[in-house]
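Chain by chain, the residues:
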Amino acid sequence: PRFATGLGSLAGLMGCSGSAAAADAPARAKSVDSDMPRRETSKGDSPKKDASSISRMSCTSDASEITREQSQWHHERLRKLLKLDESTKIPFLLVELRGCGDKHGFVEICGKDEYGVYDALDHFLQSEWHCGKLDAGDLRGDTPIPFSDALYKWDHFVVGNDGMSNMGMATMQLVDFMCNTLCWTLGVINGGNVGKLGEVREQQVIFKAPHPMNMVSGHIMIELRSAGFIEVCGTDRKDMDILHFHLTEAFNATPVAGFEKYCTRLYQAGEGIFKERGSAGENNLGNITVRLCDTIFEMLSVWSLVTMNGGNYGDGGTHREQQLVFRCDYHPLRAAPHLMVEMRQAGYIEVCGQDFDGIYEKLGAFLKDTWGCSSASAGGMFKEAFCDLKYKWEAKDMMVSTSELTAFFHSLGWQMQVCSQGTIKVRGNPESREQQVLFRPGASGHGVVEPHIFFELYTGEGLDNLYENEHKTQVLANQHMSIRCEGECAEALAQFERFAGEFLGAAKDKVENGVITYTTDCFLSRGMYDNNLGCWTMRICDFMVDRLGWSFVVCNVCNFGPAGHFREQQLVFRFDGERREIPPVRSANNALDWTLFPGLDFPEYWTTKDVLCMKKTHETVSCGQDEVQALQSMFDHTFKRILTRDRVYEYQLGHAEEMPYRLEVMSAFRSEHAELHRRFEERRKNYAGGTPMKAKTSEAPDVSVLTRRLKSGEALLAHGTNPSSAMGILKTGFVLNHAGKTTGTMFGYGIYLAECVSKSDEYARDDNGGTYPGLMAILLCRTLVGNAHVVTEAGGHVQGA
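Bear in mind that the values here come from a model prediction, so they are computed numbers and not experimental data.

(A) The overall build of the protein, seen in detail. Check the secondary structure of the protein and you find 16 helices and 35 strands. Split into buried and exposed, the 801 residues of the protein put 59% on the buried side. Taken as a whole, the protein presents about 32,700 Å² of accessible surface, with 48% of it coming from carbon and sulfur.

Printed below as a string of structure tokens:
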């Protein structure tokens, strides 16, 4: 399926976590002892710093308060990163919600300020959540090192009994604003509890580049809590009503009123729905999760799982919760079943899901032959099974295991959708690790292992006396970064190593069992909970996606230590093939010069009041049903199933693209841009009138709702692109400097438009990386054709025209 967008006229500083930090430093002290998995390093002198490089500042096994010289190095490194911002194509943004107690919390924002997102978020946080903006610091060398780009005091967080809080509701309010209002794309939600009693709740919400479908796509969060509750947060009442009847029947759930400050809808699950037993943390939450994901498609056929986040809560840390966020995104896998593999450090692997295409037998053979696992009864000594398959295993490194498991599934044509990790308390181990990985078939070629890179960022351990002082910044001990690859990743690794050496202070330490380990010096903490992990997570995402063209798959965090203050972040990227060139994000000049507008009429079909009264430069609005129907008629009339030189032939070896029989308009949006409209009308004054040709788009039946808006000599012409680029074009107009970067310039530099949508479809792409997969973008542009200059051969014809 394809969709069209855009019918209108077309002619940072980094911040910190808020508390001041001393720049002077005491003598180096030895790091605290812990049971944390750490890389042993020598305790000799730190490598000498090259004056011409801002890298390898300190790779040490000792923690210490930061020195003035170290602080200056960190500031200079962050300043150098600003140069990378100039070439941003696909921006990422991380918003971290931290609930420290009832009506006490903070909001931190990390990432580059693209599309004016920081101003928009500032207005939302202060007007809707009544947050107070705090000083996030800056890049001057004599100030505390920034840990984030913006920081707010958040009194909107509320806590109830038995682990109840409004974190899920707040997360979905943020998602609705970022996605439905600002059009950014939800990437991942992950988080967990920290503090000695798990009393501090943290939630990381990562957003990707704006996509037009976000304007009309709803999100629903379902939180399963093993204590016997189900929380639902969202705004789509119709689909939540459908979900309501399923929960009351399948879960024997009873709706509970009076908890609307915590979630949109609360349900008490029937007795025996959520089950836990034994001393190894065994439960049936994974099984319920997979069944619910499959059922969601059966009930809501255009919805799919976007992100999954597991955690634990309660005084003993043994109760489980699972957050599932679904989106209405017309996912091409549709009815493809979900299969969850849960690897547990306690000594078991559990599998939940349907035995699709004989996957049980194939997976069993892999686990036994490759990992030496042995079959175990899914019910153990108990009669009732909590999963579909169960194996005993000798626990391995979770990153290595996830990497090998992903390669196995990809070789069978299955693809990782999401993964989640965490720690639970079991007998004999207060920090037993678990990793859930969810796969679906049909997203990759059988026998093909797409390149994947797995990262683990370990922030290291600090000194207890410095953790207790929120005004002290410390360089953490034993911090390191581990990388594991599947498939051909050599070129990407070489480029990343140069980036990591220059900006993260990384130096390769060892290669063992396929894992490359780097020492690094970039991770800092301030107090018990503030750290700069989010900052560097976003920078790695920017580099891997922007610079190398890889797709972001998932990000999840695992908290260790007596207070959960030792952090480990896992990132997964996948290479989906060469991408067409995407132009860098260009900041739009939102200031309108009112002196240029007197006497100019805006189109009568525009509806945005702020644009019409010139309080706002631009708005993208959803098309009405009559416009969508007219667009579909125009698409059907101008679609010619003819292969041309720019269409990938359906029988070409190694290409999966086929010549479609029809383009379906899934959603449509109209651009109302005051400045571009003014420029268009200004240039139109030079048009003398008359045109010898009529575009095919104007000849389609039942399109008068669109064509009557055109003036003499104008036509609606199509331009194929990807949705993120379409959003950028709608905000700023076409940029001639980018002409030809995708497919060349057959007739010279200019804007390439077509009267047949089948031609524009040759250049239409989705956004890759799981963002509304299969949904392409076509811009339909109001164009002054005039007296066309007709040519029949390639060449530079701009001058002649």
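(B) Up close: helix 5 (residues 285-299). Its 15 residues give helix 5 an end-to-end C-alpha distance of 21 Å, which sits within 8% of 21 Å, the value for a rise of 1.5 Å per residue. Helix 5 sits mainly inside the fold: 12 of its 15 residues count as buried. If you check which residues of helix 5 are buried, you get Leu-285, Gly-286, Asn-287, Ile-288, Thr-289, Val-290, Leu-292, Cys-293, Asp-294, Thr-295, Ile-296 and Phe-297.

(C) Local environment of unusual backbone geometry. With phi around 55°, Asp-357 is a residue other than glycine that occupies positive phi space. By the element assignment, Asp-357 lies in the loop between strand 18 (348-353) and helix 6 (359-371). Unlike most non-glycine residues, Asp-702 shows phi in positive territory, near 60°. Positionally, Asp-702 belongs in the loop between helix 13 (674-684) and helix 14 (704-707). For Asp-702, a relative accessible area of 67% puts it in the exposed group.

(D) Broad picture of the pairing of strand 6 (residues 150-154). Burial analysis of strand 6 places 4 of its 5 residues in the buried class, the great majority of the element. In this sheet, strand 6 lies alongside strand 4 (residues 104-111) in antiparallel orientation, the contact comprising 5 bridges. Each residue of the ladder has a partner; that of Gly-105, found in strand 6, is Trp-154.

(E) Spotlight on the sheet that holds strand 2 (residues 64-65). Read from one edge to the other, the open sheet built from 4 strands follows the order 2-24-28-29, with strand pairing classed as antiparallel. Only two strands of the sheet have a single partner each, and these edge strands are strand 2 and strand 29 (530-531). Bridge analysis of strand 2 against strand 24 (residues 473-475) gives 2 bridges, and the strand direction is antiparallel. The partner of Ser-64 across the bridge, within strand 24, is Val-475.

(F) Up close: the pairing of strand 20 (residues 389-392). Where strand 18 lies against strand 20, 4 bridges are found, and the strand directions are antiparallel. Residue pairing for strand 20: Glu-350 is matched across the bridge by Lys-390.

(G) A nonpolar patch on the surface, seen in detail. Side chains of Met-746, Phe-747 and Tyr-752 sit close together on the surface and give an oily, nonpolar patch of about 230 Å² of accessible area. Here Met-746 lies in the loop between helix 15 (723-732) and helix 16 (757-760).

(H) Structural view of the side chain of Gln-569. Position of Gln-569 among the secondary structure elements: in strand 31 (residues 566-574). In this structure Gln-569 comes out as buried when scored by relative accessible area, which is 0%. Within the structure, the side chain of Gln-569 is placed 3.3 Å from the side chain of Gln-204, a separation counted as a polar contact. Polar contacts involving the side chain of Gln-569 include one to the side chain of Thr-537, which spans 3.1 Å. If sequence neighbours within four positions are ignored, Gln-569 has contacts with Asn-190, Gln-204, Phe-455, Glu-456, Leu-457, Leu-533, Thr-537, Cys-555, Asn-556 and Val-557.

Conventions we followed
Residues numbered from 1 in each chain as written. Predicted model: local features only at pLDDT ≥ 70, side-chain atom pairs only at ≥ 80, totals over all residues. Heavy atoms only, no water. Helix = DSSP H or I, 4+ residues; strand = E, 2+ residues; numbered from the N terminus. Buried < 20%, exposed > 50% of the residue type's maximum accessible area, 1.4 Å probe, protein only. Areas by Shrake-Rupley, 256 points an atom, 1.4 Å probe, with all protein chains shown as cover. Expected span 1.5 Å × (residues − 1). Pairing = 2+ DSSP bridges. Patch = residues over 30% accessible without salt bridge, like charges linked within 9 Å, V, L, I, M, F, W, Y side chains within 5 Å. Salt bridge = Lys/Arg side-chain N within 4 Å of Asp/Glu carboxyl O. Polar contact = N/O pair within 3.5 Å; in protein donor to acceptor, adjacent residues only side chain to side chain. Contact = heavy atoms within 4.5 Å.

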